[in-house]
Amino acid sequence: DVKVTQSSRYLVKRTGEKVFLECVQDMDHENMFWYRQDPGLGLRLIYFSYDVKMKEKGDIPEGYSVSREKKERFSLILESASTNQTSMYLCASSGGTSGRASETQYFGPGTRLLVL
Amino acid sequence: SQQGEEDPQALSIQEGENATMNCSYKTSINNLQWYRQNSGRGLVHLILIRSNEREKHSGRLRVTLDTSKKSSSLLITASRAADTASYFCAAKAAGNKLTFGGGTRVLVKP
């Protein structure tokens, strides 16, 4: 089974702090994604990566950056956390560049971040 | 922007009843997927229907797709208390991105 893990289930940070959210997958997937989930808004894509050291902006990249130094690890960085970044953050991965393996995403359990 | 929009936002049914939820999307898609999320957890993939398919079954799940109306429906038959969760549709256009809707919260009462 594919396993996607996230470094923390719950996190409390103060406004202005730098925050790192880590995601690791064990299925050698090429593609990795960071979403945030807010009530009534569903999942919104922040950034994604289709290869090591490659990244692309999603729908709401402002205030975030990402890092993908190794294939299995995709980090989301909040350079200076703000209260409006309080949310549930979900990491996902998918395999390959074509075919069925690339079509479904496997999600981690999520990190619930509270910025005070 | 939201590609998929679910309807209703919430649904409450008795165990044994069927649950139907709908999804609309805006642009052409390669496939449409449905995911389930238990409270406070990550999403789990349920079923995928391709743009050239009209109906697909998986166990107690039935998905339909009407590309002319840009809509899909998910039917859960003979619901169980364990089906209580949020259900999301996700539209896949070209590339590897999915665009998710706001979800339908389903409560199955024992």
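For the structure given in this document, a descriptive report is provided here. Note that the structure is a prediction, hence the values are computed from the model and not measured.

Scoring rules and cut-offs
Residues numbered from 1 in each chain as written. Chains lettered and ligands numbered in written order. Predicted model: local features only at pLDDT ≥ 70, side-chain atom pairs only at ≥ 80, totals over all residues. Heavy atoms only, no water. Pairing = 2+ DSSP bridges. Helix = DSSP H or I, 4+ residues; strand = E, 2+ residues; numbered from the N terminus. Axes fitted to C-alpha atoms, helices over the stretch in contact; angles between N-to-C directions. Contact = heavy atoms within 4.5 Å. Salt bridge = Lys/Arg side-chain N within 4 Å of Asp/Glu carboxyl O. Polar contact = N/O pair within 3.5 Å; in protein donor to acceptor, adjacent residues only side chain to side chain. 1 Å grid on protein atoms, 1.4 Å probe; cavity = no way out; pocket = protein on both sides within 12 Å on 5 of 7 lines; lining within 4 Å. Points joined across faces, edges and corners; volume = space filled by probe spheres on them. Nonpolar A, V, L, I, M, F, W, Y, C, P; charged D, E, K, R; others polar. Patch = residues over 30% accessible without salt bridge, like charges linked within 9 Å, V, L, I, M, F, W, Y side chains within 5 Å. Areas by Shrake-Rupley, 256 points an atom, 1.4 Å probe, with all protein chains shown as cover. Buried < 20%, exposed > 50% of the residue type's maximum accessible area, 1.4 Å probe, protein only. Phe/Tyr/Trp six-rings, centres within 6.5 Å; stacked < 30°, edge-to-face > 60°.

**Digging into the sheet that holds strand S8 (residues 73-78) of chain A**
All names here are of chain A.
Here's step 1: Pairing is antiparallel across the open sheet formed by four strands, whose spatial order is S1-S3-S8-S7. Two strands in the sheet have a free side with no partner beyond their single neighbour: strand S1 (4-6) and strand S7 (65-70). Across the sheet, the axes of successive neighbouring strands diverge by a mean angle of 20°, strand direction being ignored.
Here's step 2: Bridge analysis of strand S3 (residues 19-25) against S8 gives six bridges, and the strand direction is antiparallel. For Glu22, the partnering residue across the bridge sits in S8 and is Ser75.

**Description of the interface of chain A and chain B**
Accessible area lost during the coming together of the parts is what is often quoted as the interface size.
Here's step 1: In this complex, chain A contributes 25 residues to the contact, which on the side of chain B involves 22 residues.
Here's step 2: Applying the counting rule to chain A against chain B returns zero salt bridges.
Here's step 3: For the pair chain A and chain B, the number of links is three residue pairs in polar contact (both at pLDDT 80 or more).
Here's step 4: When contributions to the side of chain A that touches chain B are tallied by element, the ones reaching two or more residues are strand S4 (31-38), strand S5 (42-49) and strand S9 (87-94) of chain A.

**A few points about the environment of Leu65 of chain B**
Residues and elements named next belong to chain B.
Here's step 1: Mapped onto the elements, Leu65 comes out in strand S7 (residues 61-66).
Here's step 2: It is 11 Å that separates the C-alpha atoms of Leu65 and Ile29, two residues lying 36 residues apart in sequence.
Here's step 3: If we ignore the near neighbours within four places in the chain, the residues touching Leu65 are Tyr25, Ile29, Leu32, Ile49, Arg50, Ser51, Glu53, Arg54, Ser71 and Ser72.

**Quick notes on the layout of surface pockets**
Here's step 1: Looking at the largest pocket, its volume works out to about 570 Å³.
Here's step 2: Lining the largest pocket are 25 residues, with Gln37, Pro39 and Gly40 of chain A together with Ser86 and Arg105 of chain B sitting closest to its centre.
Here's step 3: Every element with two or more residues in the lining of the largest pocket is listed here: S4, S9 and strand S11 (111-115) of chain A together with strand S1 (5-7), strand S9 (85-92) and strand S11 (104-109) of chain B.
Here's step 4: Ranked by residue count, the leading element in the lining of the largest pocket is S9 of chain B, at three residues.
Here's step 5: Counted by class, the lining of the largest pocket contains five nonpolar, 15 polar and five charged residues.

**A closer look at a nonpolar patch on the surface**
Here's step 1: A surface patch of nonpolar side chains, about 260 Å² in accessible area, is lined by Val12, Leu114 and Leu116 of chain A.
Here's step 2: Positionally, Leu114 of chain A belongs in strand S11.

**Structural notes on the pattern of salt bridges**
Residues and elements named next belong to chain A.
Here's step 1: Summed over the entire model, instances satisfying the criterion amount to ten salt bridges over all chains.
Here's step 2: Lys18 is the partner of Glu79 in a salt bridge, and the nearest nitrogen-oxygen pair spans 3.5 Å. In this pair, Glu79 is assigned in the loop between S8 and S9 and Lys18 in the loop between strand S2 (10-13) and S3, connecting sequence segments 61 residues apart.
Here's step 3: Its relative accessible area of 46% is what places Lys18 among the partly exposed residues.
Here's step 4: Note that Lys53 is salt-bridged to Glu69, the shortest N-O span being 2.5 Å. Taken together, the residues Lys53 in the loop between S5 and strand S6 (56-57) and Glu69 in strand S7 connect sequence positions 16 residues apart.
Here's step 5: The exposed category is assigned to Lys53, whose relative accessible area is 57%.

**Quick word on the packing of aromatic side chains**
Here's step 1: Scanning the entire structure with this criterion turns up eight aromatic pairs over all chains.
Here's step 2: Ring geometry for Phe33 of chain A and Phe48 of chain A: centres 6.0 Å apart, planes at 20°, overall stacked. Of this pair, Phe33 of chain A sits in strand S4 while Phe48 of chain A is found in strand S5, placing the two residues 15 residues apart along the sequence.
Here's step 3: A relative accessible area of 8% means that Phe48 of chain A is categorised as buried.
Here's step 4: With a centroid separation of 5.8 Å and 80° between ring planes, the pair formed by Phe107 of chain A and Tyr35 of chain B is classed as edge-to-face. Note that Phe107 of chain A is positioned in strand S10 (residues 106-107) and Tyr35 of chain B in strand S4 (residues 31-37), a pairing that runs across two chains.
Here's step 5: Judged by its relative accessible area of 0%, Tyr35 of chain B is buried.
Here's step 6: Every member of this aromatic cluster is reached through a ring pair, and the members are Phe33, Tyr35, Phe48 and Phe107 of chain A together with Tyr35 and Phe100 of chain B.

**Some details on the sheet that holds strand S8 (residues 71-76) of chain B**
Residues and elements named next belong to chain B.
Here's step 1: Overall, antiparallel pairing links the five strands, which are arranged S1-S3-S8-S7-S6 in an open sheet. Single-partner strands in this sheet number two, and they are S1 and strand S6 (55-58). Here the average twist between neighbouring strands, direction ignored, is 20°.
Here's step 2: As defined by bridge partners, S7 adjoins S8 across six bridges and the pair is classed as antiparallel. The partner of Leu61 across the bridge, within S8, is Ile76.

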